[in-house]
Structures are given as C-alpha cells and as structure tokens.
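Understanding the architecture of this molecule
Each chain, written out:
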Amino acid sequence: MSYQTLAYEVGNCAGTITLNRPEVKNAINEKMHEELFDCLQEARSDENVRVIVLQGTNGSFSSGADLKSIPVEKLEHFDHGEYLERTYNKLVRLLDAINKPTVAYLNGTAVGAGLSIALACDFRVAEHDAKLALSFMKIGLVPDAGASYFLPRLIGLSKALELSLGESISAEEAYRIGLIHRIGNPDQLMETLKQAPPTAYSNMKNNMKCGLHLSLDDVLEEERKGQQQAGKSDEHRQALLHFLKGVKK
C-alpha cells in the first residue's frame, strides 16, 4: 500500500513508519490520521514485523495537530471533541491495543499531540537535540490524545501537571524523569525487542497494564492465563529445547 503523508518500510523484522510532511514539521492532518491508522493495522497484521517503529523526518518527530489545515472560517466554531473522537482517540486506542512492541523514535521536536502519540507507544527513544513539550495550554486547550492517561502513569501526577503547562524539556530531562527510555538511536533497543517471544510479550504487556488498575487476585488470574498460553507456544518450546541441550552438554 502506498501513502501520501508517510513512508512505510519493512526490513530486518521491523516495520518503520515515517511521518513525512516536513513542510509543516510533520503536523498531523486528517489525511495523515487515516494513513497512519491504516499503516499501523498493516504492520500489526504482518507476520514479518516483530517491532513497529514510529519516527519523523527532517529534524522533527511531529509538531502535533495541523490546525492550519482547518479553514479559518470554521475555527471559531470548531468542535475539538468531535474531531478527537474520530481521529486521535481512534488512533491512540489502536496503538494501545497492538500486542507487538511499539517504539517512538523522537528524532527531533515532539510537541502537542505529536508527543501524546509517542506516549501511547511502549517505548520512547529521543535524539540528543530533541525538544519535547505538551503545548496545549499555550493556546487555551487541554492535553489530549491520551496524554492525560499515559503521562501521569509514566512520570507521576505532579510532574505531569508541570509538563502540561507547556514548557519544553530536553532529551536529558525527559530521560531523567522517566519519560523516555534512552537517548540516541533505537537500534540496540530494537535488536532486544526483536528477540522478544511474541506470545510472551503480548501477554506480558497485557498483565502489566492490568497491574495498574486491577486487584492482586485479578492480576494473578491474568498471569495464570497468560502463562498458560505462553507455555503452549512454539517460542517457549524452542527455548526450552535449547536450554535442555545446554544442560546436557
């Protein structure tokens, strides 16, 4: 499938999605929403893809929502809630539901909803010169696209409130507060993720998410079900055979 607002490449077990509207710093318009949703679905269903990477181009990850794509005469009465429900909310729900590892490679500026989308990924890696900000409050709006859900869980409520005021932070500060996992490129992380057994990773991700809101008994039940499924997988069987061969030597 070909795309107009992004590029998609599969190679070495990775599906790399590159936001490609450099003239507006990869701001997300409705066309990009449609294509990004379709591309994520394509990567999700491709058995050759073990890891999904989302990145930007030309020194920017994404500058967030492309408000300039909305006709001026419509802005005054624009229904942001309706727009969210058919664009960002749909996209973030998909990102959260994907059971493969997802990596946001912040290879440049990530602000507003651009950063929100990165928060919905499993992992975040930022280049040294990347700048991150939730800039909604600066234009009289509230953080959206899942930021209010993911950000407090990642860095705590107090720090999430501070970051939501809109000041940008460096990659070093983002790493210090736990917003990103690494500084630099994601190559080493991706190699690790490619080795993760798909069945086990999927269940592990589900269990960890359940651990945030379910009771201990409920989480123990999820672990039981997940372990039962993982224990019957080919990945476990092959790993067990490899282990036993090593023991016999």
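Before going into details, it helps to say that this report is about the structure given with it. (Residues numbered from 1 in each chain as written. Predicted model: local features only at pLDDT ≥ 70, side-chain atom pairs only at ≥ 80, totals over all residues. Heavy atoms only, no water.)

Considerations on the overall build of the protein chain
Scanning the protein chain from terminus to terminus reveals 12 helices and 10 strands. Its C-alpha atoms give the protein chain a radius of gyration of 19 Å, near enough to 18 Å, the size a compact globule of 249 residues would have. Residues counted as buried form 45% of the 249 residues belonging to the protein chain. At a minimum sequence separation of 6, the contacts of the protein chain that also span at least 24 residues come to 69%. Carbon and sulfur atoms form 52% of the exposed surface of the protein chain, whose accessible area is close to 13,600 Å². If the 28 positive side-chain charges of the protein chain are averaged to one point and the 33 negative ones to another, these points end up 6 Å apart. (Helix = DSSP H or I, 4+ residues; strand = E, 2+ residues; numbered from the N terminus. Rg over C-alpha atoms; globule rule 2.2 N^0.38 Å. Buried < 20%, exposed > 50% of the residue type's maximum accessible area, 1.4 Å probe, protein only. Contact = heavy atoms within 4.5 Å. Areas by Shrake-Rupley, 256 points an atom, 1.4 Å probe, with all protein chains shown as cover. Lys, Arg positive; Asp, Glu negative; His and termini not counted. Charge placed at Lys NZ, Arg CZ, Asp CG, Glu CD.)

Thoughts on the nonpolar core
The biggest cluster of nonpolar side chains holds 53 residues, and the ones touching the most others in it are I17, L40, L106, L132 and L179. Of the residues forming this core, the biggest block, 6 residues, is contributed by helix 1 (residues 30-45). (Core = buried A, V, L, I, M, F, W, Y, C linked by side-chain atoms within 4.5 Å.)

Digging into the pairing of strand 5 (residues 102-106)
Among the 5 residues in strand 5, 5 count as buried, and that is most of the element. Pairing between strand 3 (residues 51-55) and strand 5: 4 bridges, direction parallel. Within the sheet, the bridge partner assigned to I52 lies in strand 5 and is T102. As judged from the 4 bridges shared by strand 5 and strand 7 (residues 123-126), these two strands associate in the parallel manner. The partner of V103 across the bridge, within strand 7, is F123. (Pairing = 2+ DSSP bridges.)

Some details on a nonpolar patch on the surface
A contiguous nonpolar patch, built from L240, F243 and L244 and spanning about 280 Å² of accessible area, is present on the exposed surface. Among the structural elements, F243 can be located in helix 12 (residues 234-248). On the accessibility criterion, F243 (52% relative accessible area) is exposed. (Patch = residues over 30% accessible without salt bridge, like charges linked within 9 Å, V, L, I, M, F, W, Y side chains within 5 Å. Salt bridge = Lys/Arg side-chain N within 4 Å of Asp/Glu carboxyl O.)

Re the sheet that holds strand 3
Strand order in the open sheet formed by 6 strands is 1-2-3-5-7-10, and the pairing between neighbours is mixed. Strands with a single pairing partner mark the edges of an open sheet, and in this sheet they are strand 1 (6-11) and strand 10 (182-183). Here helix 9 (residues 187-194) sits on the sheet and contacts strand 2 (14-19), strand 3, strand 5, strand 7 and strand 10; the angle it forms with strand 3, its principal contact strand, is near 155°. (Axes fitted to C-alpha atoms, helices over the stretch in contact; angles between N-to-C directions.)

A closer look at the pairing of strand 1
The pairing of strand 1 with strand 2 spans 6 bridges and is antiparallel. For E9, the partnering residue across the bridge sits in strand 2 and is T16. Counting the residues in the hairpin turn of strand 1 and strand 2 gives 2 residues, including N12, whose phi is positive at 55°.

A closer look at the pattern of salt bridges
Following the criterion strictly, the structure yields 15 salt bridges and no others. Its salt-bridge partner being K31, residue E35 comes within 4.0 Å of it at the nearest N-O pair. Here E35 and its partner K31 are both found in helix 1, 4 residues apart, which amounts to about one turn of the helix. Owing to a relative accessible area of 32%, K31 belongs among the partly exposed residues under this scheme. The closest approach of N and O atoms between K194 and E191, which form a salt bridge, is 3.1 Å. Of this pair, K194 and E191 both sit in helix 9, 3 residues apart, which is roughly one turn of the helix. Look at E191 and you get partly exposed, because its relative accessible area is 39%. Counted as one network, the salt bridges with shared partners bring together K159, E162, E173 and R176.

Some details on the packing of aromatic side chains
Going through the model one piece at a time under the given rule, you end up with 2 aromatic pairs. With centroids separated by 6.4 Å and ring planes inclined at 70°, the aromatic side chains of Y83 and Y88 adopt a geometry described as edge-to-face. The class for Y83 is buried, based on a relative accessible area of 9%. Consider the rings of Y149 and F150, whose centres lie 5.0 Å apart with planes at 85°: the pair is edge-to-face. (Phe/Tyr/Trp six-rings, centres within 6.5 Å; stacked < 30°, edge-to-face > 60°.)

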